[in-house]
Amino acid sequence: MALQPHQDRVVAEKADLDDKLGKLLAFFQAPTFGTLSEAEQSRLRNQARFMDGYSAVLAERIAAF
């Protein structure tokens, strides 16, 4: 079944989000991450958690298509 244009946009949005999340998670392993303040590290971890949740919701929406 072909997806509607708005559904295609959701699929593309999830792919883009997952790419960005993967890069953020990789950054956590980089030496630079350890040089950031604890507060900034915490904010980035929170960002990753929210991005992961957002990706999960998009996955649910895609599954419902």
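Structural data are supplied above this passage.
A.B. asks: Sorry if this is basic, but what is going on with the nonpolar core here?
C.D. replies: Considering soluble globular proteins, one finds that nonpolar side chains tend to be buried as a cluster. Within the largest apolar cluster, 10 residues are counted, these being Val10, Leu17, Leu21, Leu24, Phe28, Phe33, Leu44, Ala48, Met51 and Leu58. Where this core is concerned, the elements lending two or more residues are helix H1 (5–27) and helix H3 (38–64). Leave out the neighbours within four places in its chain, and Leu17 touches Met51, Tyr54, Ser55 and Leu58.

A.B. asks: Would you mind showing me how to read the packing of H1 against H3 here?
C.D. replies: In a pair of packed helices, the angle between the axes and the distance between the axes together describe the arrangement. Two numbers describe how H1 lies on H3: the axes approach to 10 Å, and their chain directions differ by 155°. With respect to H3, the axis of H1 lies roughly antiparallel. Where H1 crosses over H3, the two elements pack in a sense that is left-handed. In this structure, H1 contributes Val10, Val11, Glu13, Lys14, Leu17, Asp18, Lys20, Leu21, Leu24, Leu25 and Phe27 to the contact, and H3 contributes Leu44, Gln47, Ala48, Met51, Asp52, Tyr54, Ser55, Leu58, Ala59, Arg61 and Ile62.

A.B. asks: Where do I start with the pattern of salt bridges in this structure?
C.D. replies: It is possible for side chains of opposite charge to pair when their charged atoms get near one another. Under the definition given, this model contains four salt bridges. In this structure, Asp18 engages Lys14 in a salt bridge whose closest nitrogen and oxygen atoms are separated by 2.5 Å. Taken together, the positions of Asp18 and Lys14, both in helix H1 and four residues apart, correspond to about one turn of that helix. For Asp18, a relative accessible area of 30% corresponds to the partly exposed category.

Conventions we followed
Residues numbered from 1 in each chain as written. Predicted model: local features only at pLDDT ≥ 70, side-chain atom pairs only at ≥ 80, totals over all residues. Heavy atoms only, no water. Core = buried A, V, L, I, M, F, W, Y, C linked by side-chain atoms within 4.5 Å. Buried < 20%, exposed > 50% of the residue type's maximum accessible area, 1.4 Å probe, protein only. Helix = DSSP H or I, 4+ residues; strand = E, 2+ residues; numbered from the N terminus. Contact = heavy atoms within 4.5 Å. Axes fitted to C-alpha atoms, helices over the stretch in contact; angles between N-to-C directions. Parallel < 35°, antiparallel > 145°, perpendicular 65-115°, else oblique. Left-handed = near helix turned anticlockwise from the far one by under 90°. Salt bridge = Lys/Arg side-chain N within 4 Å of Asp/Glu carboxyl O.

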